[in-house]
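Residue strings, one per chain:
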Amino acid sequence: MNHEQSKSQIQLTRVSKSFPLASGDFHALKNVSLTIPSGKLVAITGKSGSGKSTLLNLIAGIDKPTEGSVSINGVQVEKLPESALATWRGKNIGVVFQFFQLLPTLTILENVMLPMDFCNSYPKKERKSRALSLLEMVGIKEQADKLPSELSGGQQQRAAIARALANDPPMIIADEPTGNLDSQTASSIFDLFASLTRAGKTVIIVTHERDFSEYFGHVIAIADGEIVKEVIHA
Amino acid sequence: MKTRHNKIFRDLTSDYSKNLMLVLAIAIGVFGIGAILGGYSVTKREMTDNYLSTHPASATIEMEEDISRGMVDSVKAMPGIAEAERHATVVARMKVGEKWFPLLLFVIDDFKTKKTNTPFYISGEREPSPSAMLVERTALVVMKAKEGDELEIKTPHGHPQKVKLSGTVHDPSLAPAWQEQSGYGYISLSTLHALGETQGFDQLRIRVSEQPFSKEHILVEAKGVASRVTQKGYHVHEIQVPPPGKHPHQGQMTTVMSIFITFSFLILILGSILVSTSMATLMVKQVRQIGVMKTIGANSWQIGVMYLMMTLVLCILALLIAIPLSRLAASVFYHQLAVLLNLEIRDNTIPNWVPLLQIIGGIVIPLIAVAFPVIRGSRVSVRTALDNHGVLEKRTATNFWAVRFSRISFLSETFRLSIRNVFRQRARMMMTLGLLAAGGAMFMTALNVSEAWDNNLKRIYSQRLYDLEVKLNQPLKADSLLNKIRRIPGVTVAEGWSHSPTAISKGEATEVTQTYPDKGHGSFTIQAMPLPTRLLSPTVKEGRWLANPDAAEVVLNQNARGGYKLGDRISLAVYGKPTAWTIVGFTEDVGSPAMAYTSYDYFSTLTQTQGQVSMLRIAYADRSRQNAELKNLEIENLLQAEQISVSAAIPVWLLQNAIAAHMKVMVNSLMAMAVLMALVGTLGLTATMSMNLLERTREIGVMRAIGATPATIRKLVVWEGLFTGGLSIFIAIVLALVLSTFFGRFIGNMAFRTPLTLTVSVSAMAMWVALIIIGSYAATLYPARRANQITTREALSYE
């Protein structure tokens, strides 16, 4: 194991992923190997259908590779059984979706408390105060008791980020988190992600946004299921 | 409370109209179980208590001589005998208005010290004064009299006399008098003599001191007593041992109740299927939420438990509604049953196992029903859940029926699209169809069985071609009497028959029967008729009808058949002597106790009563009840003028009324079940149609966006509902035929010892078709309106 690998959080080794279709197998990823060190804001870019979301899903353990292995902090994700994977994911990875995906019948506060409930990660009495402090951190504490439908898109995405941070995971992954937001709001969201990396978290974002390239310390470009370019900033 | 529980309660309250429907669906089943079981448990307990508290005789020993008090004391002193009393039962007649009805007179030795078959005192005299009688409370209705009134009665050998009804008693061992269409009176021996009879006490009633519920033990003791009295010079001709400790109607009631309990559980299962369908739909609708929850750390177990808890809340709400209401209904039910069974409810406590069973049934059955969709839904992978975009089109494209229907060119495009929509979710469609078909099948079954029951009752008229049966006290030569009867205008046929109580002779000194003290329940009679008879049209199920007037042949009805086969030899006790017969056929009678039919010629020769008859059967040209009542009166007057001693004159309409009254509660309850079934079925249809549409809100938005008008959407939705409903009708009809056969066999065997003929109630079918069409239409109207009210933008953004 080289020095680079020992520092790394995420390591993909010869990962392929294909989906069976009526017309034959579709190869979303082809023999991809990748190392992502911790504490970086990583962008995965590429055209629609290039395989970037598939790559993200494999890192998050949402999907399993057809071939190869995905190792996160030494844990081989694809080998975890479903229930262990759910708990592992809940504690180690915070996921932010393009369409926020807050549970509509829960308040913002409850949405943030939910991961702690599922993973039993904090004592019950502390969960509310932790959720409130996370909401304060993302700037929407005063919206805590509202339902998601009462919030703007930007506010909902902030709430989704607070939810992703609920169990204090070392890694946040986000699939086009600003795809549904105006540029000003998108900028504030990227600011938020940047502050998280400064706090030591690894943030991996699938994005089309070119205007925010200055935020990223590591950019992975994908085309047709293969990494075509990888740029690592100091 | 955990955060995830907030989601459960918010989800439940966010769609409360649908959830209320699910609660109702479960509640109806739980209600049915509680009402039926509550009513049954109280009635069964009270029936046993009421019956046993009369201290029913273990056995009745009938003798040809009057029993002396000394003989009674001697039997009482026998080891194993707890009580012995002498008794007599006389079948008399009472005049109500212008009609004569049967009156069963129980002649009591000592009212003060009576210890077997003791009725409960209600009011008036405790011991009737001379020329007075106590009357069973239910008989007052038949007598159209009240305590203190006088009633004209006539005993077999006496003249009509007025007797005062001096007191009222309750005898729970007797069926209600209005059910039997007869009266019950309790008199002293001196009153019986004053009424013109000379007989004494010819029945010895005993109660055994040990093993009172063992029939074998009772038989041993009763035979011991019979042997003792025989040694003392008495002639015993029959020992009657009714089923120990069992009310005459207990077996029937248990069977009827088991049917209703089955129906109730079926309703609960239907309701649970509805909940299951709905939960499956909810999970499909929330599949992305499930994906999100799994992404943020929830495992399949946690997800599954959440949805099971949701079901549990629905169940608890259903229980909260159903249990109190079912207790009220149970109270109405057992009070009704008490009236029908002549019981007095002394303790109306519903045992705790009833609500316990409701709780278990109302929770476990729905949870089992939802377990499969919940497990399947909660095990969905995160990616599948997050990628879900609604109904899969792949299946639609390959669906055989969808493809076939889409090719029917003469149907409108909207209709064809509706049909294809029906087949899009095959699992859902199967469940919806199953729910509706099961509801419809049970609805139609309930009405089919009810109609089959009515038809069977009508067979009383088609089998009995006579309108009046007159039982004579003494066999007599009746040729000239019959000729006089035949000359009455409107009388078409009059025949003289003979009859005698009988028992299957096992070669023992004394015959043993299962007859109850009312002389009706458990009895076995041999009837001898002139061959060929014009007054009986038996339904021969096996073998043949009587043909040879001089042959020792019998035809047994289903109640007498036992284990006999065609051609078997059977020994029947006639006038206390065993007689040998060959069985040539088996009939299926409606409303007859155990019966053996034979030729009058052979029977009269055997009994040396040639030319004498003990029963007249008379037919009228006009069989209406109105005409029968008039003609019966004319015949009664003729018999009185001819000084013929009559023990009973039973019009066929009276017999039909009596049988109908016996099973009234069952028929009424079947109808109630049918209504509940219809309710659950309609609820199911409404719920599933709403859910089907809810799932396609986005699709409807797309249709609207590409130009579909609100009218098109409405038509599409309504056709879909009607088509689903229509399909279910066909399945329901087929299923109803199977169920009707089963239940008809079950109920018929229980009531008549013969299956009810399969009857298809056209009105039931029409009602169900109408209900489904109206229900389908109504069920789709609201979702269709809702679909049209949502803006295209809202619909397209719907998840």
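Small disclaimer: the values here were computed from a predicted structure and weren't measured.

J.: Which parts of the structure should I look at to understand the overall build of chain A?
T.: Looking only at helices and strands, one finds seven helices and ten strands in chain A. In chain A, the proportion of contacts linking residues at least 24 apart, taken out of those at least 6 apart, comes to 69%. Surface summary for chain A: the accessible area is close to 10200 Å², and the carbon and sulfur share equals 48%.

J.: Any chance you could explain the overall build of chain B here in plain terms?
T.: Helices and strands together make up the secondary structure of chain B, namely 26 helices and 21 strands. A total of 799 residues make up chain B; the buried ones form 57% of that total. Entry remark: accessible area of chain B is about 32400 Å², with carbon and sulfur atoms responsible for 60%.

J.: Mind showing me how you'd approach the pairing of strand β6 (residues 93-96) of chain A here?
T.: Side-chain direction in a regular strand flips from residue to residue, so the side chains alternate between the two faces of the sheet. All names here are of chain A. With burial as the criterion, each face of β6 is covered, one bearing Ile-93 and Val-95 and the other bearing Gly-94 and Val-96. Of the pairings in the sheet, the one linking β6 to strand β7 (residues 171-175) comprises four bridges and is parallel in character. Across the sheet, residue Ile-93 finds its bridge partner in β7, namely Met-171.

J.: Explain the packing of helix α3 (residues 69-76) of chain B against helix α7 (residues 215-231) of chain B here, please?
T.: Each pair of packed helices gets described by two things: the angle between the helix axes and the distance between those axes. All names here are of chain B. Where α3 meets α7, the axes come as close as 11 Å, and the angle between the chain directions of the two elements is 140°. One way to sum up the angle between α3 and α7 is to call them oblique. Judged by the sense of rotation from one axis to the other, the crossing of α3 with α7 is right-handed. Along its contact with α3, which presents Met-71, Ser-74 and Val-75, the element α7 presents Val-225, Arg-228 and Val-229. Class assignment of the residues belonging to the contact of α3 with α7 gives a composition of four nonpolar, one polar and one charged.

J.: Help me out: how do you make sense of the packing of aromatic side chains in this one?
T.: Centre distance and the angle of the planes are the two values used to describe a pair of aromatic rings. All names here are of chain B. According to the stated counting rule, one finds nine aromatic pairs over all chains in the structure shown. The residue whose ring lies beneath Arg-346 is Phe-120, and the NZ or CZ to ring-centre distance is 4.6 Å. In this structure, Arg-625 packs its charged tip against the face of Trp-653, placed 3.7 Å from the ring centre.

J.: Would you explain the interface of chain B and chain A in this entry?
T.: Between chain B and chain A, the contact holds 24 residues from the first and 28 residues from the second. It is Thr-3, Ile-296 and Arg-383 of chain B in chain B that bury the most area against chain A; as a group they hold 27% of the surface buried on that side. Inspection of the chain B/chain A interface yields three salt bridges. One salt bridge connects Asp-117 of chain A with Arg-4 of chain B, and the closest N-O pair in it is separated by 2.9 Å. Within the residue set of the side of chain B that touches chain A, elements represented by two or more residues are α1 (3-14), α9 (287-295), α10 (300-341) and α12 (382-387) of chain B. At seven residues, the largest contribution of residues to the side of chain B that touches chain A is made by α1 of chain B.

J.: For this particular structure, what's the right way to read the nonpolar core?
T.: It is characteristic of soluble globular proteins that their nonpolar side chains tend to be buried jointly. Ranked by size, the top nonpolar core spans 228 residues in total, and within it Ile-204 of chain A together with Met-143, Met-293, Tyr-307, Leu-616 and Ile-618 of chain B carry the most contacts. Among the nonpolar cores identified, the runner-up in size contains 41 residues, and Val-112, Ala-162, Leu-192 and Val-219 of chain A belong to it.

J.: Explain the pattern of salt bridges here, please?
T.: Opposite charge on two side chains lets them pair, provided their charged atoms get close. Residue and element names in this part refer to chain B. If you walk through the whole model with that rule in mind, you get 27 salt bridges over all chains. Measuring nitrogen to oxygen at the nearest pair gives 3.1 Å for the salt bridge that ties Glu-588 to Arg-459. You can see Glu-588 sitting in the loop between β18 (577-587) and β19 (594-599) and its partner Arg-459 sitting in helix α16 (residues 426-463), a full 129 residues away along the chain. Overall, the relative accessible area of 8% leaves Glu-588 in the buried class. Two residues, Lys-471 and Glu-469, come together in a salt bridge whose shortest N-O distance is 3.8 Å.

J.: What am I meant to see in the confidence of the model for chain A here?
T.: Low-pLDDT portions of the prediction should not be read for the details of their coordinates. With 95% of its residues at a pLDDT of 70 or more, chain A has an overall mean of 86. Across residues 1-8 of chain A, where pLDDT falls below 50, the model places seven contacts with residues more than four positions away in sequence or in other chains.

J.: Would you mind showing me how to read the side chain of Ser-214 of chain B here?
T.: For Ser-214 of chain B, the position within the fold is in the loop between β9 (203-208) and α7. Engagement of the side chain of Ser-214 of chain B in a polar contact is seen with the backbone nitrogen of His-217 of chain B, the distance being 3.1 Å.

J.: I would appreciate a short explanation of the sheet that holds β7 of chain A in the present structure.
T.: Consider a sheet: its strands pair through backbone hydrogen bonds, and that pairing is either parallel or antiparallel. Residue and element names in this part refer to chain A. The sheet built from six strands is open, its strands ordered β6-β7-β8-β3-β9-β10 with mixed pairing. Only two strands of the sheet have a single neighbouring strand rather than two, namely β6 and β10 (226-232). Across this sheet, the average inter-strand angle for adjacent strands is 15°, counted without regard to direction. Bridge count between strand β9 (residues 218-223) and β10: six bridges; the pairing is antiparallel. Of the residues in β10, the one forming a bridge with Val-219 is Val-231. On the sheet, helix α3 (residues 82-92) packs against β6 and β7 and is oriented at approximately 80° with respect to β6.

J.: Quick question: what am I supposed to make of the packing of helix α4 (residues 108-119) of chain A against helix α6 (residues 153-164) of chain A here?
T.: Residues and elements named next belong to chain A. At a minimum axis distance of 8 Å, the contact between α4 and α6 shows a crossing angle of 25°. It follows from the interaxial angle that α4 and α6 lie roughly parallel. Once α4 is placed against α6, the crossing between them reads as right-handed. Here Ile-108, Asn-111, Val-112 and Pro-115 of α4 come into contact with α6, specifically with Ala-159, Ala-162 and Arg-163.

J.: How do you make sense of a nonpolar patch on the surface when you look at a structure like this?
T.: On the surface, a cluster of nonpolar side chains totalling about 370 Å² of accessible area is made up of Leu-356, Ile-360, Val-364 and Ile-368 of chain B. Looking at the secondary structure, you find Ile-368 of chain B in helix α11 (residues 353-378).

J.: What should I look at first to understand helix α7 (residues 183-198) of chain A in this one?
T.: Three- or four-residue spacings in an α-helix give side chains the same orientation, since the helix completes a turn every 3.6 residues. Residue and element names in this part refer to chain A. Over its 16 residues, α7 runs 22 Å from end to end, which matches the ideal 22 Å to within 8%, given 1.5 Å per residue. Three or more residues of α7 are buried, namely Thr-185, Ala-186, Ser-188, Ile-189, Phe-190, Leu-192, Phe-193, Ala-194, Leu-196 and Thr-197. Of the residues trailing α7, Gly-200 is marked for its positive phi of about 100°.

J.: How should the pairing of strand β20 (residues 612-620) of chain B be read in this particular structure?
T.: Residues and elements named next belong to chain B. With eight of its nine residues buried, β20 lies for the most part within the structure. Across six bridges, the pairing between strand β11 (residues 468-477) and β20 is antiparallel. The partner of Glu-469 across the bridge, within β20, is Arg-617. Pairing of strand β12 (residues 491-501) with β20, which is carried by six bridges, proceeds in the antiparallel orientation. Considered in β20, the bridge of Glu-495 is made with Arg-617.

J.: Can you help me understand the environment of Ala-385 of chain B in this one?
T.: All names here are of chain B. Structurally, Ala-385 can be placed in helix α12. Separated by 97 residues in sequence, Ala-385 and Arg-288 place their C-alpha atoms 5.1 Å apart. For Ala-385, the contacting residues outside a window of four places in its chain are Val-287, Arg-288, Gly-291 and Val-380.

J.: Looking at this structure, I do not really get the environment of Leu-343 of chain B. What am I missing?
T.: All names here are of chain B. Relative to the helices and strands, Leu-343 resides in the loop between α10 and α11. Its relative accessible area of 4% is what places Leu-343 among the buried residues. When the C-alpha positions of Leu-343 and Asp-49 are compared, they lie 9.5 Å apart, and in sequence the two are 294 residues distant. The residues contacting Leu-343, other than those within four sequence positions of it, are Thr-43, Glu-46, Met-47, Asn-50, Arg-137, His-170, Pro-172, His-247 and Ala-338.

J.: Would you take a moment to explain unusual backbone geometry for this structure?
T.: Residues apart from glycine generally show negative phi values, whereas peptide bonds are mostly found in trans. Here the amide bond leading from Leu-531 of chain B into Pro-532 of chain B is cis, since omega sits at -5°, within 30 degrees of zero. Mapped onto the elements, Pro-532 of chain B comes out in the loop between β14 (524-529) and β15 (540-543). One non-glycine residue, Phe-100 of chain A, lies in positive phi territory at about 65°. Considering the arrangement of structural elements, one finds Phe-100 of chain A in the loop between β6 and α4. One non-glycine residue with positive phi stands out, namely Lys-144 of chain B, at about 50°. By relative accessible area, Lys-144 of chain B is classed as exposed at 71%.

J.: Explanation requested: the side chain of Arg-617 of chain B in the structure shown.
T.: Residue and element names in this part refer to chain B. Looking at the element boundaries, Arg-617 is found in strand β20. At 3.2 Å, the side chain of Arg-617 and the side chain of Tyr-466 are in polar contact. At a separation of 2.5 Å, a polar atom in the side chain of Arg-617 contacts the side chain of Glu-469. Residue contacts for Arg-617: discarding those within four places in its chain leaves Tyr-466, Leu-468, Glu-469, Val-493, Ala-494, Glu-495, Trp-497, Gln-527, Leu-535 and Leu-536.

Parameters at a glance
Residues numbered from 1 in each chain as written. Chains lettered and ligands numbered in written order. Predicted model: local features only at pLDDT ≥ 70, side-chain atom pairs only at ≥ 80, totals over all residues. Heavy atoms only, no water. Helix = DSSP H or I, 4+ residues; strand = E, 2+ residues; numbered from the N terminus. Contact = heavy atoms within 4.5 Å. Areas by Shrake-Rupley, 256 points an atom, 1.4 Å probe, with all protein chains shown as cover. Buried < 20%, exposed > 50% of the residue type's maximum accessible area, 1.4 Å probe, protein only. Pairing = 2+ DSSP bridges. Axes fitted to C-alpha atoms, helices over the stretch in contact; angles between N-to-C directions. Parallel < 35°, antiparallel > 145°, perpendicular 65-115°, else oblique. Left-handed = near helix turned anticlockwise from the far one by under 90°. Nonpolar A, V, L, I, M, F, W, Y, C, P; charged D, E, K, R; others polar. Phe/Tyr/Trp six-rings, centres within 6.5 Å; stacked < 30°, edge-to-face > 60°. Lys NZ or Arg CZ within 6 Å of the ring centre and 35° of its normal. Buried area = accessible area lost by both parts, 1.4 Å probe. Salt bridge = Lys/Arg side-chain N within 4 Å of Asp/Glu carboxyl O. Core = buried A, V, L, I, M, F, W, Y, C linked by side-chain atoms within 4.5 Å. pLDDT = per-residue confidence, 0-100. Polar contact = N/O pair within 3.5 Å; in protein donor to acceptor, adjacent residues only side chain to side chain. Patch = residues over 30% accessible without salt bridge, like charges linked within 9 Å, V, L, I, M, F, W, Y side chains within 5 Å. Expected span 1.5 Å × (residues − 1).

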